[in-house]
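Close look at the chain arrangement
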Amino acid sequence: MFDKVLIANRGEIAVRINRACQELGISTVAIHSEADVDSMHVRIADESVCIGPNPVNKSYLNTHSIIAACEITGAQAVHPGYGFLSENSSFAKMLQDHKLTFIGPKHSHIEAMGDKIQAKKMMKEFGVPTVPGSDKAIEDKKDAINISKEIGFPVLIKASAGGGGRGMKVVNDEKELSESLPIVKQEALSFFGNDAVYIEKFIDSPRHIEVQVICDTHGNFIHLHERDCSVQRRNQKVVEEALAPGIDEEKKEKLFSICVKAMQNMGYLGLGTLEFLYENGEFYFMEMNTRLQVEHPITEMLTRIDLVREQICVASGEKIFTTQENVRPLGHSIECRINAENSEDFKPSAGTIGLFHPPAGNGIRLDTFIYSGYKVPHYYDNLLAKLIATGRTRNHAIKRALRSLNEIVIDGIETNIELHKKILSSNDFKNGSVSINWLENNITSL
Ligand code: MV4
């Protein structure tokens, strides 16, 4: 096991990782930008290093400063959290070249899954169900038209280097396809530096279901069931829950065993999430995330497994403490992402937190980094806190979430707490199984 770990992140996830490290007896190094000197993650770490000015390129993405900080402090490993450098295969490789451990998958797997055409091809070969479409990059308009006619319109043009919903376009016929293809390619080139695109049948109103896996170097490839992340707006998840309501157990178990076999075939290491679209009883693989995810706590609450602890253990070469047979999800868990944002236009809001009163009580967990008097900087993402409510049943979890949303006080800054109350008390949400279009279609009438 490592003696000292550097946490290359900020905010609630840096706090979360610091907790797991200290519980393992690992000494922690926080890094921070100038604006973050008074941040919670800096205060609770054993040591801290200021690695640069506020813009992320100069601080949290500054790979050279981060490696220098490891050398100065003697940290043996780096936990990247989510976002920032968490899916940067070159950074993972750089660390290896410096004899430092990247707490995450092998850099070759990060790279492979970052290329969405390659990821889909690989998963398809392992028997994972995928969306009908092109199995390789689109060569030209003629190629695009042939494939689209074969699978039938509407189709989706997707950037191979995209992901998370950026660089996509729905087209309804041949004419739109011819017009949009060069535009999507140009956008892909300027956003991601790679103009490769592929085509898929457009799935109209699916749910977003994802499967959590964890793998070690001792031949253990384990799934930790699924999460439903369909309540989203502009590709930002708002509410997530586990397990996904109303999906046939047998279908899920079949999918899990395919996912586990795929991980075995790859020789995957660490935490991973396979993202699926789910419509009319069928799962379709979209992409694989090779990082710890924002919504990991709902899986932790259901399985009683500390994912960050296990992630650190497997990265240091240890065995996962449990086996597949002993993973038994119990109850239901819901996460509300509490953002600093305007309730009308959803623009991020910055300012100083006045009174902060966290909710508590049975079944409530709040992952946050804010405190009364904390000044929220405008440079970084607007996630303030994750409220995780767990109960015996889905209904119980919803009741607990609503109860604690009424208890929480975050003064001095605009938040989306009222939006969460409306979502959780709506009939559509209570009935379960809303699609990825539901929030955007219903947000004004909630
Ligand atoms: C799709 C799709 C419909 N059909 N692919 C969005 C994020 C990226 N992972 C892929 N995404 C989608 N791919 C096909 N063939 C709809 C989406 C999509 C989406 C998926 C999950 C959660 C939210 C979403 C919001 C908009 C579009």
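Residues numbered from 1 in each chain as written. Predicted model: local features only at pLDDT ≥ 70, side-chain atom pairs only at ≥ 80, totals over all residues. Heavy atoms only, no water.

Concerning the site of the ligand
Counted only if it meets this: Whether a residue is near a molecule or strand depends on its heavy atoms: it is near if one of them lies within 4 Å of it. Under the rule applied, a polar contact is a pair of N or O atoms within 3.5 Å (in protein, one hydrogen donor and one hydrogen acceptor; residues adjacent in sequence only if both atoms are side-chain atoms). Per-residue accessibility takes into account occlusion by the displayed protein chains alone, with areas from the Shrake-Rupley method and a 1.4 Å probe. Residues are grouped as follows: Ala, Val, Leu, Ile, Met, Phe, Trp, Tyr, Cys and Pro are nonpolar; Asp, Glu, Lys and Arg are charged; every other residue, Gly included, is polar. Domain ranges listed in this record stem from an automatic or a database domain assignment.
Not every one of the 18 residues close to the ligand is listed here, only the nearest: K158, E200, K201, I203 and E287. Within the side chain of K158, one N or O atom sits 3.0 Å away from a nitrogen atom of the ligand. Between a nitrogen atom of the ligand and a main-chain N or O atom of K201, the distance comes to 2.8 Å. Burial of the ligand by the surrounding chains reaches 89%, relative to a free accessible area of 520 Å². In terms of residue class, the shell around the ligand is made up of eight nonpolar, five polar and five charged. Shared between two domains, the shell around the ligand takes at least three residues from each, and those domains are domain 2 (132-201) and domain 3 (207-442).

Structural notes on the sheet that holds strand β13 (residues 282-289)
Filter applied, for reference: Strands were regarded as paired on the criterion that DSSP finds at least two bridges between them. In this text, helices come from DSSP runs of H or I with a minimum length of four residues, and strands from runs of E with a minimum of two, each type numbered from the N-terminal end. Angular values range over 0 to 180 degrees, each being the angle between N-to-C directions of two axes fitted as lines to C-alpha atoms, with helices fitted over their stretch in contact.
Read across the open sheet, the eight strands follow the order β13-β12-β9-β10-β11-β14-β19-β17; overall the sheet is antiparallel. Strand pairing shows two members of the sheet lacking a second neighbour, β13 and β17 (364-368), which therefore form its edges. Going from strand to strand, the sheet's axes swing by 25° on average, the running direction of each strand aside. When strand β12 (residues 270-279) meets β13, the two strands line up antiparallel, connected through seven bridges. Residue pairing across strands places F276 opposite F285, the latter belonging to β13.

Examining unusual backbone geometry
Heads up, the condition is: Relative accessibility thresholds used throughout: buried, under 20% of the residue-type maximum; exposed, over 50%; partly exposed, between the two (1.4 Å probe, protein chains only).
Note that the residue after F153, namely P154, is joined by a cis bond; omega there is -5°. Here P154 shows up in the loop between α7 (141-151) and β6 (155-163). Cis peptide bonds are those with omega within 30 degrees of zero, and the linkage from A242 to L243 qualifies with -5°. Locating L243 in the fold gives a position in the loop between β11 (236-242) and α9 (249-266). Positive phi values are uncommon outside glycine, yet K99 reaches one of about 60°. Within the secondary structure, K99 is located in the loop between α4 (89-97) and β5 (101-102). Classification of K99 as exposed rests on a relative accessible area of 75%. Even without glycine at this site, S433 takes up a positive phi of about 60°. Positionally, S433 belongs in the loop between α14 (427-431) and α15 (438-442). S433 sits in the partly exposed class, given a relative accessible area of 41%.

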